[in-house]
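# Coordinate analysis (summary)
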Amino acid sequence: LLILFGLAACQPEPAPQTENGALREMAAETFLADIAQQVAGERGSVESLMPLGLDPHAFEPTPRDVTRIAESDVLIVNGAGFEGWLDEVLKNAGGNAVLIEASAGLTSRTPGPSEEVHADEEEHEGDPHFWLDPLNVIVYVENIRDGLSQADPQGKDTYAQNAAAYIEALRALDAEIRVQVETVPPERRVLVTNHESFGYFADRYGFTLAGAVIPSANSSAETSAQQLAALIDTIRQSGAPAIFLETGANPKLAEQIAAETGAQVVTDLYTHSVTAPDGDAPTYLDMMRRNAALITAALR
């Protein structure tokens, strides 16, 4: 399997194409498939390996998934250790796909003074949730553009044009979120989340991370009674107005904490998956707009 790490020095042979000339492109996560589709445009259709609504932390590839990867010309992943299953699957899949690591070139955030560093962050090479900062996604777009251009040189100009247009949309999204955040008093810009996924969002827009129900970058980790008690104390001391949960998260622990602290529980943030076209967040841009709207409304 040929690996591209963003602007890698290797120059691969163009990937084989289907009979109609289109690349068979696959992205690991649904939000990543949407981002990649904006770059591919009409030159290809990017399929998601994971189904809508699935938490990638809980994803376990099936034999059919391995086959789908083997049949792909291009596989796009987030990288930074987020797809813990990747190495084993690539060994089993074989094939001749070009692998694009979307987050290549980005540096994992440094935890703030009030944040704990957990063992799983070393396993994940730090926090892999780069995409929750729209300006980080510019790097994703550039890496995808370059990878697709190497796999399909004839589409290079199209990929460059599509990428440039989408980068402008990402910059506009960033400006839009900044305007929303300005409506929240600085002392109320405090985030308590289901698990530690909003670090890059907090860093970009000036929020303080007070804690998480699951104090880990992996939503599949467990929480101890001692950690819950510490979080309750933290919320009381910080005055955090709300606890924010992603779609699919079990609200039971958050509701217990809310009963102890008076914090509001806000559900249905989209962090790992977009929705169906008729849903609340059918694209990455929609996903981020919805998250920003829910967060700022709850904290005002």
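Residues numbered from 1 in each chain as written. Predicted model: local features only at pLDDT ≥ 70, side-chain atom pairs only at ≥ 80, totals over all residues. Heavy atoms only, no water.

### Quick look at the packing of aromatic side chains
Summed over the entire model, instances satisfying the criterion amount to 7 aromatic pairs. The interplanar angle of 35 degrees and the centroid separation of 4.8 Å between the aromatic rings of Phe 130 and Tyr 200 together place this pair among those described as tilted. With Phe 130 in the loop between α4 (119-123) and α5 (134-151) and Tyr 200 in helix α7 (residues 199-205), this pair connects stretches of sequence that are 70 residues apart. Judged by relative accessible area, Phe 130 falls into the buried class, the value being 3%. Among the residues examined, Tyr 200 registers a relative accessible area of 5% and is labelled buried. Relative to Phe 201, the ring of Phe 198 has its centre 5.6 Å away and its plane inclined at 85 degrees; by these criteria the two rings are edge-to-face. The residues Phe 198 and Phe 201 share a single accessibility class, namely buried. Chaining the aromatic ring pairs together yields one cluster made of Phe 198, Phe 201, Tyr 205 and Phe 207. (Phe/Tyr/Trp six-rings, centres within 6.5 Å; stacked < 30°, edge-to-face > 60°. Helix = DSSP H or I, 4+ residues; strand = E, 2+ residues; numbered from the N terminus. Buried < 20%, exposed > 50% of the residue type's maximum accessible area, 1.4 Å probe, protein only.)

### Some points on helix α2 (residues 63-70)
Taken together, the buried positions of α2 are Asp 65, Val 66, Arg 68 and Ile 69. Buried residues along α2 cover an arc of 160 degrees about the axis, so they all sit on one side. (Arc of directions from axis to C-beta.)

### Observations regarding the pattern of salt bridges
Counted under the stated rule, the structure contains 12 salt bridges. The closest approach of N and O atoms between Asp 152 and Arg 43, which form a salt bridge, is 2.8 Å. Of the two residues, Asp 152 sits in the loop between α5 and α6 (156-181) while Arg 43 sits in the loop between α1 (30-40) and β3 (44-48), which places them 109 residues apart along the sequence. A residue is classified by how much of its surface remains accessible, and Arg 43, at 29% relative accessible area, is partly exposed. Residue Arg 145 pairs with Asp 146 through a salt bridge whose shortest N-O separation is 3.0 Å. By relative accessible area, Asp 146 is classed as buried at 16%. By sharing partners, the salt bridges in this structure join Glu 47, Asp 65 and Arg 68 into a single network. (Salt bridge = Lys/Arg side-chain N within 4 Å of Asp/Glu carboxyl O.)

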